[in-house]
Structure formats: C-alpha cells, structure tokens
Amino acid sequence: MESRLIKWALGGFTALIVVFLYAPFAVLAILSFQTGPEGGPQFPIVAWSVYWYKHLFGLTPPSRIAPLPIESALARSLTLAVMTMIVSTVLGVMAAQAFRTRFKGAGLVFYLIILGMMVPGVLIGLGMALLANTIGLDRHWWSTAFALHVVYTFPFAFLVMLAIFNRFDASVEEASWSLGVSPARTFRKVTFPLIFPGVLSAMLFAFTLSYDEFSRTLFTSGRELTLPLAIYGTFSVEIHPNIFAFGVLTTLFSFALLAIYAILMALSVRRARRLMIQEEA
Amino acid sequence: MTTAIVSDAIESPAAAAQQTRRRVVYWLIAPGVLWMLIFLVLPMAMMIYVSFWTQTTFKIEPILTTRSWVAFFTSETYLDALWTTIRIWLIVLGATLLVGYPTALFIGLFVRNKTLQTALLVVCVIPFWTSFLIRVLAWRPMLGTEGAVNILLMKAGLISQPIEALLYTDLSVIIGMTQIYCVFMVGPIAFMLSRIDPTIIEAARDLGAGFWRIFRTIILPLSMPGVVVGAIFVSVMVLGEFATSAALSGRKVNLLGNIIVTQVGSLRWSFAAVVGVVLTIIMGAAVSILLRVVDLRREL
Amino acid sequence: MSAGVLQITGLTKRYGGAVALDDVSLDIPRDCYVSLLGPSGSGKTVLLRVIAGFEEPDAGTIEFAGRPIVAAPVYNRGIGFVFQNFALFPHLSVEENVAFGLKNRAGATLGKSEIRDRVRAMIELVGLAGLEARGVHQISGGQRQRVALARTLVTEPPLVLLDEPLGALDANLRTRIRAELRMIRERLGVTFLHVTGSESEALAIGDRVIVLDRGRVVQFDDPDTLFERPASARVARFLNCYNLFGGAVAGASFQSDAGEFPLPRGPCPPRGFYGVRYDRIAVAPRAEKSGADQVSLTAAFVASEFTGPSLLSFFKLASGQIVEVETPLGDRAPPQYELGEAYALSWRRDGARVFA
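Residues numbered from 1 in each chain as written. Chains lettered and ligands numbered in written order. Predicted model: local features only at pLDDT ≥ 70, side-chain atom pairs only at ≥ 80, totals over all residues.

**Quick word on the overall build of chain B**
Formally: Counting from the N terminus, the helices are the DSSP runs of H or I reaching at least four residues and the strands are the DSSP runs of E reaching at least two. Note on burial: count the other C-beta atoms lying within 10 Å of the residue's C-beta; 20 or more is buried, 12 or fewer is exposed, in between is partly exposed, and C-beta positions come from the backbone. Two residues qualify as being in contact provided that their C-beta atoms, derived from the backbone, are within 7 Å of each other.
Counting its regular elements, chain B contains 15 helices and 2 strands. Projected onto its principal axes, the C-alpha coordinates of chain B cover approximately 100 × 70 × 35 Å. Evaluated residue by residue, chain B yields a buried proportion of 45% over its 300 residues. Looking at chain B alone, contacts between residues at least 24 apart form 70% of all its contacts between residues at least 6 apart.

Written out as structure tokens, the structure reads:
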C-alpha cells in the first residue's frame, strides 16, 4: 500500500536525521575519553582514559594545560539564570493575565513582546553596548546582560502562559468570587495553584535559555564572564578534550534532572488515575 | 422607558466596570512594555542613530555623517559578507526545511501514539542540552581530514582520500548550522501536523485521493503556520550567527555577524552599527515576508 | 421595603447591536423555588450572570435584601451561584471545596472548629457523607453537583442562582436530583432561581415560573397557571404541549386552514392562534358522533410513540398540518390505530384557547 511505503521511507529518513543530530554529541563523548595531557581534541584516540574528567575537578597533577576558567563563570551563569527566570516569569504571568481581556493596542503590545525573541543577539548586544557607552553606564552581567536576558526570555514565558490561560476555565474564578472571596485572594488560592505547572515550565524555559545564552551576553557582560563566554574564550586558544568532558557532564546533569521530573509527573498521574472511581450518585 | 437616569455623571454600570478593568490591564502590562521599550527598542534605536556618527580611529562623535554607510557599501569585503550572509541564510533555511519537514511529517502524522510522539520529539531535543558552543566545537573533529566522517567513509571503502572540503569551508558552516537549527523546524511543523484531524485524511482517501494529492491539498496547507514559525526561528538565528562560522570556517566564511564582532573588537562602533542596521533590515524583510504567508496571531 | 428577596427594575443589557435583556423588571419572593425558563438566546443566562455580578447591565437597578447592588462587585453581593459545569476547585478535596467560601471570604471569619462543623453538617445534608477526603476527579457527576451546591449553601446566602445545574447530568439522574434540590431548598428556607431550557423541568421544579423570551419577561406565574393559560402563542409553542392553528376570529368562530372552530368562552384576541392541549383531545372512529359542546376534527393517523405512561399519536389534517394527541394510559392497553385511516379528534369547546 502506497502510504505504508511512504511511512517506512519517512521513518528511515527520521532515523538518519536522529543520527545526524546525535553525531556531534557522540563524537565529543568519545573524545572526552581521550588520554591526556598530550591527547588532543581530534581523532585518533591515542588511548582511553578518564584523565580529562579528573582534570575538570582539579584532580590531576599540574600540567601546561590550564583548567577551564569555569568556577566563577559557572556561579555567575547560574545566578544570572535564576534572576532572569524570576523576572521574566513574573512579567510573563502579568502580561498573559492582561491578555485575558481585550484591550486597545493589544496587537501592538503582542508584537512588541514577541520582538524580544526575534532580534538576533548580536544586534541587541551591540545596541545595548552603544547605549551603555553613551550614557556612561558600566557593563556588567548583572545589569546590562541581565536586562537583555530578560528581553530574550520574557516572550517565551509570555507565550507559555498565554497557552496555559487559553486552556484555563475561568468559571472557577467566578465561583470563588461568588463565595465572597476577593479577586486578590482568588488569584492566590485558586488561579495560581492551577496555572502553577505552566509557571514552572515557563521558569524552566527561561532558566535554560538564559544559562546557555551567549550572543546577547558577548558585548554586555563587562569584564566578568558568564560560562558560555568563558567557553567562547577558549575558542581562539587551544582546545582540549576537557571541554568535551565538561559538555558530557552538563548534558548528563540536564538529562538526570528531566528524567526525575518525568518520573515524578508519571507517578502523580498514575496515582490520580488509580483513585478515580465511578459510582452511582 | 421610565428608568430614572439622574445625570450625565452617572455612567451605566457596564461602562464603569469596563473602566476599572482597563485600568487593571494597563497596570499589568506596563512593566513588561516598559522593559521592552527601554531595553529593546531603545538599544535598537541607538544602533541606528550611532550608525550615522562620525568614526575616528578609536573614538566616535555624535556628529552626523553618512561616511560609515558609504564605507560599507563601497567596500568589496563587506558587500561580499552581505552576500555570503544572505546566501548561507537561504541555503541553511532550505536545508533545515529539507531535513526537518520529512522528519516532522513522520513524527507528527505517521506516529499516532501521543506518548511516542512526545518521546520522539524529546529525543530530538536532548542534543540541545549540551551547550551550544561545545556542540559547535564538536564538529571540528568530525569534519576534519582526520575526522570521524572521513575515517568512517574510508573504512567503508567509499573513498580513498579524505575529503578536504568538509572542514573550513562554506559546507562545514552549512552542515553545522543545519544540524544545530533543524530542530526548530521539526518542532513547529510536527506540532501543526499533529493537530490535523486524521478523519479528514481518511475521508479524502475514501474519496480516492492518492498520497501526493492529499499531501498537496490538505497536509501542506495545514502545516504552513508551522513552516513559517520554524522559518522565522531559523532565519533569526542564522542571520545573527557568528560563532559557528568562526569555529568551523577558520575565518574564511565572513558573515555580517562576524563583522560586527570584529568591528566592536576594534572599537569601530559606528561601523559596527551600520552593519547592524543592514542586518536588521534584512531580518525585518525576511520576517515580514514570512508573516505574509500566514497570519500567526490567529493560529496562536 | 418589599417582601421579596430580589427586586430588578428596568434591567437592560446590549452586546454590540443585539439586545440581550430588554427592560426586565422582576420581584423575586423569599423562600421560594423560582424557575427561569426560556428558549436558547432568550437571555436567561445573561440575566443570571448580571444578577450575580459577573456582567454589568447597561441600565437598570438591582436591590438585594434591601441594598442596591448593581454597582457592587461580585464578591460583595452575597448571592450564591451554582454553575452548569460545577466549577469545582480541582486542586482541593470535597471538604476543602465546601469550606472554601467560609475560610476565604472577606470580612469577619469564623473559628476553625465552627467552620468544620458547618461544613460537615452541609456535606451530610446534601448526601455526601464519607466522601470528604476525595478529590473532585474521584467522584461522579451527580456527586460533583452536590459539592457545588454544598459549597455555596454553606455560606448561607438568601438567594442562590443555579445556571442549568442539571444540564450536565444523565437523564435519569436529573429527575432524582430535581426532587432533592426541592427538599434541600425547603429545608434551608432560601430562594433558588433556577435557569433551565427544559419546560418539563421548569414546571416540575418551580413554585413559580418566569418565562423569558428575546430578553423580555413574558410570563411570571405558578406552574399550573402557566400550563393552563400560557400568555401567548410563543409561550404555548415553547411549552410543547399545545396544537396551534393560525387564523382570525370571524363572528362566533375562529377561521383557520384546519377548519372553523367555535370560540371558547371568555375574551379572545381578534387574530392569532387557536390552541388545544395534546392531552385534552380524544380519539374516536370517524363515524362516532361528538357531544354537544365538543369540537371535532377529522384527521388521518400517521404515527405514534409509546412513552410508557402515555401514548403520543400524530394525525395529519387535510391542510397538511400535524396534530399531536397525548393519551394517558393508566390500566388500559395502548390503543391501536390504522395507518392512513381517518379518525375523529374531539375536545371540549371551552378546553381550547385563543392566543395572540
């Protein structure tokens, strides 16, 4: 049957693409086990070892290869990501709540917010650097870069919350008001608990985007680098397999976090389903 | 009607409530709008303004001139970069579409089980959890003359000499970018395709339509919003690119993004601003053309 | 001060160009079950939502328990509301749902143990004892209905608005819960204003019935008055129990396509519809003579429906119009009619009415 053939063809194509997607990761995972400190970040594998993993944690004898300048950069990236996550999620929830009613200029505001994710990082980084220079403001990761991180992640949080509110049944809010509960209290006790999973995903999204953010931060973080910038700094200098080891570890870490999240979700869903009982009225 | 309306000052309760609601909305939307105006619109406006400033060797002055603009459009290097940027953008857009659409077709349309669908999409997204820069770096040992691809091809006996052109060329940049950005095509398209009611396709098949007919008249049009969203994402990212080309082309491929970075490095701000404005115009043109294809706000 | 719990005067609401409520004025009595009946689009849900405060009118006043409330926000009105989809709080248990209003409402709150006692008592009253700890997804539709009711009743509102509360339930559940709603209301002595699109439900459940049509109140009576004397042909048609023949009065009779009928006693509008209720018609073989004050019509049998307690039969007139007859059965077997045979349909002259 015609579509059967097509299904298999497409399936095969998809499998190839998946291989294509994973190829770099596979390569860097393999290379992370390169021997050190002489082994370089290319084939062939001189010998298999976990030298570079040890090197990351400073557990190897000192060699001419400097450890990755990541400690303080890592702390900065994490702090910046948390700050961004909080601010952009708050802005996203507020904006999505506003969009539950029609108002004049809604279209304009919508596109203004979406613009934030449509402007390439280089451009807005450049603009911000120019602005800071002109008004004599110093560039820091916690001021200028932070502002741009929020500009970038706020639209994503906004869209996630828009989708959540779209599916939200407002009659529970009306029910709460009819019971004599004020709108503010209704938001705290009814609306927020129900949109919380959405808020959580918006926060996760914003955190992830900010943590790996690079082009916007390049011109605006000042002298103290975030993690991606520190890694970028090693581009022009020699690269060593320690960076691949770092990549493998961070990927596994993200994978573990998401696996835990998925398992928790599956457990709670299964629990709710088991307790559902159909009875006579 | 004998309803007593006392004076003009008393509005109908509906109008009064409307007023209060509007005020609440404006308070809710104000912080976000303000943030975007100050930290998005203002920097962009600044960039346009500075592009007209006078550039001396290491300083710029707010004396308006079009000198930097002229310098850009009369220089062959920069026009070359402009052309390269557009070229690479269109090629990568095409490549991601080529790679992403059939994949999305498979995941969104042919995989009926929702959990399997999500699982497949997650499988496609997992590579993203490795930092973007590290992934870019990983392409080097893949494409070099002693890289993984060449080794595999030689082992398989398909070639006798390693292919030189894989690294430090246009091709390496294109391959790298396609791999990194094709997920942004697969996601939106798969999403739109999964929303197609399967009974429509069944009905068409019952009426005797073959696969290509069904594809042309039903599947393709319904997937267009996804294609447009994916195209916008990919375009935005590719046009703003500089890291992939820096890492994979050994400075041979010079995109506008690269020029901005190097100009800023030499503190030639107003020239960088000119390049920035040119890039913005290209981006604006690209996005508005793409948005014409589909009315996004309605679909969202 | 009026004796009623709610007085509405001149309520008007427009959506763009369309009028949803047109100068509605009502006086809702205390301690009474009032049904609000009307076809879809009649404005009954809009009226309910305006009374509750979810929407505001363009003109008019509302007085509740002596206070004007048309400018008051929802949470200050003190009027209960039961939603068609129940609108239970999905993240709270049954007991927490019922206790929500008492725990979170503005103003003086009660002590924890007092709240718990009241909540438990109400849960028992609505028949949900033992389900306090369940989540709202773990109970059936009928049970959710009761939670919605308990949740609002526990805050002791003098007036409770119910928006098609039985609409989401299965048909046989509906009749059972109808009776329970009446019992609970009577026990508590509050007023229920119950919106429904079903005429049988409105007649069965209400002590008084308001009929709304295209945003206007067209009748406000008790059920038997409504059934016996609908205010207009439109209301009669909506009640779905009248055969209506259009025409005009000529002398002492009513002229219509179906034939000429002697006028019933009492005032009649000059033109309109001659109506006779389904259950007032007797069916007899054509040859039989009708009594002195009987009106008779010949029609051919088309089809019949057995409902259990009665038989609905359909007859076609020469003019093509279908006449419906409802014959209650009691101990008798359902009569059998021949398809296409002509029968004599007859009713008492004064049992018919002429409507405008």
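There is more to say, and it comes next.
**Here we look at the overall build of chain C**
Helix and strand counts for chain C come out as 8 helices and 20 strands. Principal axes of the C-alpha set define a box for chain C whose edges measure 80 × 45 × 35 Å. Relative to its 356 residues, chain C shows a buried fraction of 39%. Across chain C, the fraction of contacts at a sequence separation of at least 24, relative to all contacts at a separation of at least 6, is 66%.

**Quick word on the interface of chain C and chain B**
Which entries qualify depends on this criterion: Residues are grouped as follows: Ala, Val, Leu, Ile, Met, Phe, Trp, Tyr, Cys and Pro are nonpolar; Asp, Glu, Lys and Arg are charged; all remaining types, including Gly, are polar.
Taken together, the contacts link 9 residues of chain C with 7 residues of chain B. Looking at the side of chain C that touches chain B, its residues break down into 4 nonpolar, 2 polar and 3 charged.

**Brief notes about the pairing of strand 11 (residues 242–250) of chain C**
Residue and element names in this part refer to chain C. Stated formally: A pair of strands is considered paired only if DSSP assigns at least 2 bridges between the two.
With 7 bridges joining them, strand 11 and strand 14 (residues 271–277) adopt antiparallel strand pairing. The residue bridging asparagine 243 from the neighbouring strand is valine 276, located in strand 14. Here strand 11 folds back onto strand 12 (residues 253–256) in antiparallel fashion, the turn holding 2 residues, of which glycine 251 has a positive phi close to 70 degrees.

**Brief notes about the sheet that holds strand 13 (residues 259–262) of chain C**
All names here are of chain C. Quick note on the threshold: Between N-to-C directions, angles cover 0 to 180 degrees, with each direction set by a line fitted to C-alpha atoms, over the stretch in contact for helices.
Spatially, 13-12-11-14-20 is the arrangement adopted by the 5 strands of the open sheet, whose pairing is antiparallel. Each having just a single partner strand, strand 13 and strand 20 (353–355) make up the two edges of the open sheet. Between one strand axis and the next, the sheet turns by 40 degrees as a mean value, whatever way the strands run. As defined by bridge partners, strand 12 adjoins strand 13 across 4 bridges and the pair is classed as antiparallel. Bridging from a neighbouring strand, serine 253 pairs with proline 262 of strand 13.

**Structural notes on the environment of serine 296 of chain C**
Inspection of the secondary structure assignment puts serine 296 of chain C in strand 16 (residues 294–306). It is 51 Å that separates the C-alpha atoms of serine 296 of chain C and aspartate 58 of chain C, two residues lying 238 residues apart in sequence.

**Topic: helix 5 (residues 121–135) of chain A**
Basically, it comes down to this: Helix span is expected to be 1.5 Å times the residue number reduced by one.
Across its 15 residues, helix 5 of chain A extends 21 Å between first and last C-alpha, which sits within 8% of the 21 Å expected from 1.5 Å per residue. For helix 5 of chain A, the buried fraction is high: 12 of the 15 residues fall into the buried class. Inspection of helix 5 of chain A places Gly121, Val122, Leu123, Ile124, Gly125, Leu126, Gly127, Met128, Ala129, Leu130, Leu131 and Ala132 of chain A among the buried residues, and these make up the whole buried set. Elements that come into contact with the buried residues of helix 5 of chain A comprise helix 6 (141–166) and helix 9 (215–218) of chain A together with helix 1 (13–50), helix 13 (256–265) and helix 14 (269–293) of chain B. One or two positions beyond helix 5 of chain A, positive phi appears at glycine 136 of chain A, with a value near 75 degrees.

**Quick look at the sheet that holds strand 10 (residues 216–221) of chain C**
Residues and elements named next belong to chain C. Read from one edge of the open sheet, 6 strands run 6-7-8-3-9-10, paired in mixed fashion. A strand with exactly one partner marks an edge of an open sheet, and here the two such strands are strand 6 (80–82) and strand 10. Between one strand axis and the next, the sheet turns through 20 degrees on average, direction left out of account. Sheet topology places strand 9 (residues 208–213) next to strand 10; 5 bridges connect them, and they run antiparallel. Paired with valine 211 across the bridge in strand 10 is glutamine 219.

**Overview of the nonpolar core**
To keep it simple, the criterion reads: Structurally, a nonpolar core is described as a collection of buried Ala, Val, Leu, Ile, Met, Phe, Trp, Tyr and Cys residues joined by way of C-beta atoms within 7 Å. Boundaries of every domain are those given by an automatic assignment or by a domain database.
Leu126 and Val151 of chain A together with Tyr181 and Val275 of chain B are the most contacted members of the largest nonpolar core, which totals 155 residues. Sorting elements by how many residues they give to this core places helix 6 of chain A first, with 15 residues. Of the domains in this structure, domain 1 (1–65 + 240–281) and domain 2 (71–237) of chain A are the two that each give at least three residues to this core. If we ignore the near neighbours within four places in the chain, the residues touching valine 275 of chain B are Phe72, Leu256, Ile259, Ile260 and Gln263 of chain B. Among the nonpolar cores identified, the runner-up in size contains 98 residues, and Val172 and Val190 of chain A together with Ala87 and Ile177 of chain C belong to it.

**Let's talk about the packing of helix 3 (residues 76–110) of chain B against helix 8 (residues 170–181) of chain B**
Residues and elements named next belong to chain B. The condition that has to hold: Each angle is binned into one of four classes, with values under 35 degrees roughly parallel, values over 145 roughly antiparallel, values of 65 to 115 roughly perpendicular, and all other values oblique. For a crossing to be left-handed, the near helix must be turned anticlockwise from the far one by less than a right angle; the clockwise case is right-handed.
Look at helix 3 against helix 8: their axes get within 9 Å of each other, and the N-to-C directions meet at 50 degrees. Judged on the interaxial angle alone, helix 8 and helix 3 are oblique. With respect to the hand of their crossing, helix 3 and helix 8 are arranged in right-handed fashion. Counted together, Ile88, Ile91, Val92, Ala95, Thr96 and Val99 of helix 3 and Val173, Ile174, Met177, Thr178 and Tyr181 of helix 8 form the full contact between these two elements. Split into classes, the residues belonging to the contact of helix 3 with helix 8 amount to 9 nonpolar, 2 polar and no charged.

**Looking at the interface of chain B and chain A**
Contact with chain B, which involves 70 residues of that partner, is made by 69 residues of chain A. Here the side of chain B that touches chain A takes 18 residues from helix 1 of chain B, the largest share from any one element. Its residues assigned to classes, the side of chain B that touches chain A comprises 53 nonpolar, 12 polar and 5 charged.

**Structural notes on the environment of glycine 100 of chain B**
Residues and elements named next belong to chain B. Inspection of the secondary structure puts glycine 100 in helix 3. Between the C-alpha atom of glycine 100 and that of valine 183, which follows or precedes it by 83 residues, the distance is 7.0 Å. Among all residues touching glycine 100, those that are not within four sequence positions of it are Cys182, Met185, Val186, Ile189 and Gly230.

**Looking at the domain arrangement of chain C**
The domains assigned to chain C are domain 1 (6–228) and domain 2 (241–355). Inter-centroid distance (C-alpha atoms) of domain 1 of chain C to domain 2 of chain C is 39 Å.

**Let's talk about the environment of glycine 4 of chain C**
All names here are of chain C. For glycine 4, the location among the structural elements is in the segment before strand 1 (6–15). Exposure remark for glycine 4: the 18 C-beta atoms within 10 Å place this residue in the partly exposed category. Once the C-alpha coordinates of glycine 4 and leucine 26 are considered, the two residues, 22 residues apart in sequence, prove to be 9.8 Å apart. For glycine 4, the residues in contact, after removing those within four places along its chain, are Asp27, Ile28, Pro29 and Arg30.

**Quick notes on the confidence of the model for chain C**
Condition: Summary of the metric used: pLDDT quantifies the predictor's per-residue confidence within the range 0 to 100.
Confidence along chain C averages 91 in pLDDT terms, with 99% of residues attaining 70 or more. Both scores are given for the predicted complex: the pTM is 0.85, the ipTM 0.86.

**Quick look at unusual backbone geometry**
Residue and element names in this part refer to chain C. Within the chain, aspartate 23 stands out as a residue other than glycine whose phi angle is a positive 55 degrees. Residue position: aspartate 23 is located in strand 2 (residues 18–28). Judged by C-beta crowding, with 17 C-beta atoms within 10 Å, aspartate 23 ranks as partly exposed. The backbone of glutamate 156 sits at a positive phi, close to 55 degrees, despite the residue not being glycine. As for its position among the elements, glutamate 156 is in the loop between helix 4 (141–153) and strand 7 (159–163).

**A word on helix 4 of chain C**
Residue pairs spaced three or four apart in an α-helix point in one direction, given the helix's 3.6 residues per turn. Look at helix 4 of chain C: 19 Å from first C-alpha to last across 13 residues, which is about the 18 Å you get at 1.5 Å a residue. Where helix 4 of chain C is buried, its residues touch helix 7 (171–178) of chain A together with strand 6, helix 2 (94–104), helix 3 (112–125), strand 7 and helix 5 (171–188) of chain C.

**Details of the packing of helix 5 of chain A against helix 6 of chain A**
All names here are of chain A. At a minimum axis separation of 11 Å, helix 5 and helix 6 run at an interaxial angle of 145 degrees. Between helix 5 and helix 6 the crossing geometry is right-handed. Contacts between helix 5 and helix 6 involve Ile124, Gly125, Met128 and Ala132 on the former and, on the latter, Thr144, Leu148 and Val151. Among the residues forming the contact of helix 5 with helix 6, the class breakdown is 5 nonpolar, 2 polar and no charged.

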